[in-house]
Amino acid sequence: MNFVGYGMDLAALLPGQTLAEAELVVSQQAAEAYLTAVGDSSRVYIESRLVPPMALATLALAAAMRSLDLPAGTVHTGQELTFAKLVKLGVRLRYSAMVEQNAVRRGLRFLRLQTRVTHQGQVVVHAATSLAIAGGH
Amino acid sequence: MEAPLQVLATVVHSVSQDQLVRYADASGDHNPLHLDPAFAAGTTYGEPIAHGMLVLAFLSEMLVNSFGLRWFDGGKLQVRFRAPVYPGDVVTAGGTLQTQSAEDDWTVYRVACTNQSGVEVITGEARVPRTPRGY
């Protein structure tokens, strides 16, 4: 994972282009690590054996960001999250990330990414991420 | 139908560099902007800043505390990141009732994360589903 430099031609990203797509399984250990990391002491997820939905959104987004070689000037400007259902720990999920929008205005590149986590074809979490990149064009 | 909450109970977190390291490992986001002081010194931020999704997790925690897991049964968050959060900052996540409608299945709250200086670092809206499905 390289966040330094301009290894990827961001200008070449097209709306609808898939950035990342893979299977995802969240274990209890991973869920607990996430909850500890965000300082959430609630046991509601673990006791119900549920995956924290924010953890899913986070993991899918991180995968999308790793697929891009974003320069140091990248700013996360906005985030939308839609939660559709809860899923149990250990189930097989699938995440996908794609480019929704790629535009340059006033010297800044604006990227909007869509990420989706599904379980057996049904959407679990849907996210839209807005990024602004200085000098990214 | 019971009246919706007017003001949501806040959640307060003190952000530390150790937390950013733990979050990086848990999330897979090892952007040096969050972890490497030398790297961050070369950016406009000057020092490491918290992951946006980490601070956003505080908002989600606040919403779960108020509404339980039904928040995730169709709930929607839409936010803008307004200012960076630095290690040492104390962030308060809160929300206030914005709109309610007898016809809609949603209650809408204005939500925000504010630092110890009263600066809103995240602002936005949360749409909370009205009808619980028994999680």
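Along each chain, residues carry numbers from 1 onward, in the same order as the chain's sequence is written. Numbering of ligands from 1 and lettering of chains from A proceed in the order in which they are written. Totals for whole chains, interfaces and linings use every residue, but because this is a predicted model, local features are given only for residues with pLDDT of at least 70 and side-chain atom pairs only at 80 or more, for both listing and counting. As a convention, hydrogens and water are excluded, and side-chain values are obtained from all of the structure's heavy atoms.

**Q** Explanation requested: the side chain of threonine 107 of chain B in the structure shown.
**A** Residue and element names in this part refer to chain B. Inspection of the secondary structure puts threonine 107 in strand β4 (residues 106-114). The class for threonine 107 is buried, based on a relative accessible area of 7%. Any pair of nitrogen or oxygen atoms within 3.5 Å is treated as a polar contact; in protein, a donor-acceptor pairing is required on top of that, and neighbouring residues in sequence qualify only through side-chain atoms on both sides. Among the polar contacts listed, one links the side chain of threonine 107 to the side chain of arginine 130, at a separation of 3.2 Å. Setting aside residues up to four positions removed in sequence, threonine 107 forms contacts with Pro4, Leu97, Thr99, Gln100, Ala126, Arg127, Val128 and Arg130. For the purposes of this entry, the term helix denotes a DSSP run of H or I that reaches at least four residues, the term strand denotes a run of E that reaches at least two, and both are numbered from the N terminus. Relative accessibility decides the category of a residue: with a 1.4 Å probe and only protein chains considered, values under 20% of the type maximum give buried, values over 50% give exposed, and everything between is partly exposed. It only takes one pair of heavy atoms within 4.5 Å for two residues to be counted as in contact.

**Q** Help me understand the sheet that holds strand β2 (residues 74-83) of chain A, please; the structure alone is not making it clear to me.
**A** Either a parallel or an antiparallel arrangement is found when strands of a sheet pair, and the pairing is made through backbone hydrogen bonds. One bridge is not enough; two strands pair if DSSP finds at least two bridges between them. The strand order across the open sheet formed by ten strands is β1(A)-β3(A)-β4(A)-β5(A)-β2(A)-β2(B)-β5(B)-β4(B)-β3(B)-β1(B), and the pairing between neighbours is antiparallel. Taken across any chain shown, the strands that pair with only one partner, and hence form the sheet edges, are β1 (18-25) of chain A together with β1 (7-14) of chain B. The average undirected angle you get between the axes of adjacent strands in this sheet is 15°. As paired elements, β2 of chain A and strand β5 (residues 122-134) of chain A share nine bridges and run antiparallel to each other. Paired with threonine 82 of chain A across the bridge in β5 of chain A is histidine 126 of chain A. Where helix α3 (residues 53-66) of chain A meets the sheet, it contacts β1, β2, β3 (92-105), β4 (108-119) and β5 of chain A, and its direction lies at approximately 130° from that of β4 of chain A. Under this scheme, a helix contributes an axis fitted over its contacting stretch, all axes are lines through C-alpha atoms, and angles between N-to-C directions fall in the 0 to 180 degree range.

**Q** For this particular structure, what's the right way to read the layout of surface pockets?
**A** Over the atoms rolls a probe the size of a water molecule, and in doing so it shows where empty space is left. For cavity detection a 1 Å grid was placed over the protein atoms alone, and a set of points counts as a cavity when a 1.4 Å probe fits there but cannot get out; an open set counts as a pocket when protein lies on both sides within 12 Å along at least five of seven lines, with lining residues being those that have an atom within 4 Å of a point. Grid points are joined across faces, edges and corners, and a volume is the space filled by probe spheres set on the points. Counted as a void, the largest pocket has a volume near 530 Å³. When contributions to the lining of the largest pocket are tallied by element, the ones reaching two or more residues are α3 and β2 of chain A together with α1 (17-27), α2 (32-35), α4 (52-67) and β5 (120-129) of chain B. Considering every element that reaches the lining of the largest pocket, the biggest residue donor is α3 of chain A, with four residues. Gly counts as polar in this scheme, as do all residues outside two lists: the nonpolar Ala, Val, Leu, Ile, Met, Phe, Trp, Tyr, Cys and Pro, and the charged Asp, Glu, Lys and Arg. Split into classes, the residues belonging to the lining of the largest pocket amount to 22 nonpolar, eight polar and two charged.

**Q** I tried to follow the pattern of salt bridges on my own but got confused; where do I start?
**A** Oppositely charged side chains are able to pair whenever their charged atoms sit close together. Residue and element names in this part refer to chain A. Salt bridge, as applied in this entry: a Lys or Arg side-chain nitrogen positioned within 4 Å of an Asp or Glu carboxyl oxygen. Using the criterion set out here, one finds five salt bridges over all chains in the structure. A salt bridge links glutamate 80 to arginine 112; the nearest nitrogen and oxygen atoms lie 3.3 Å apart. With a gap of 32 residues between them, glutamate 80 in strand β2 and arginine 112 in strand β4 connect regions that are remote in the sequence. Glutamate 80 sits in the buried class, given a relative accessible area of 18%. Two residues, glutamate 100 and arginine 112, come together in a salt bridge whose shortest N-O distance is 2.9 Å.

**Q** How do you make sense of the pairing of β2 of chain A when you look at a structure like this?
**A** For a regular strand, the rule is simple: side chains alternate between the two faces of the sheet. The buried count for β2 of chain A comes to eight of ten residues, which makes it a mostly enclosed element. Pairing of β2 of chain A with strand β2 (residues 76-81) of chain B, which is carried by five bridges, proceeds in the antiparallel orientation. Note on β2 of chain B: the bridge partner recorded for threonine 82 of chain A is lysine 76 of chain B.

**Q** Is there a simple way to think about unusual backbone geometry in this case?
**A** Most peptide bonds are trans, and most residues other than glycine sit at a negative phi. Residue and element names in this part refer to chain A. Even without being glycine, arginine 106 reaches a positive phi, approximately 50°. Unlike most non-glycine residues, glutamine 120 shows phi in positive territory, near 50°. Examined against the element boundaries, glutamine 120 turns out to sit in the loop between β4 and β5. A relative accessible area of 73% means that glutamine 120 is categorised as exposed.

**Q** Which parts of the structure should I look at to understand the nonpolar core?
**A** In globular proteins that are soluble, nonpolar side chains generally tend to be buried together. Grouped together as the largest cluster of nonpolar side chains are 79 residues, with contacts concentrated most on Leu56 of chain A together with Leu56, Leu59, Trp71 and Leu77 of chain B. When sequence neighbours within four positions are dropped, the list of residues in contact with leucine 59 of chain B reads Leu77, Val79, Ala93, Gly94, Val111, Ala112, Cys113 and Ile122 of chain B. Of all hydrophobic cores here, the second largest spans five residues; its members include Leu33, Phe39, Ala40 and Ile49 of chain B. Residues belong to a common nonpolar core when they are buried Ala, Val, Leu, Ile, Met, Phe, Trp, Tyr or Cys residues joined through side-chain atoms within 4.5 Å.

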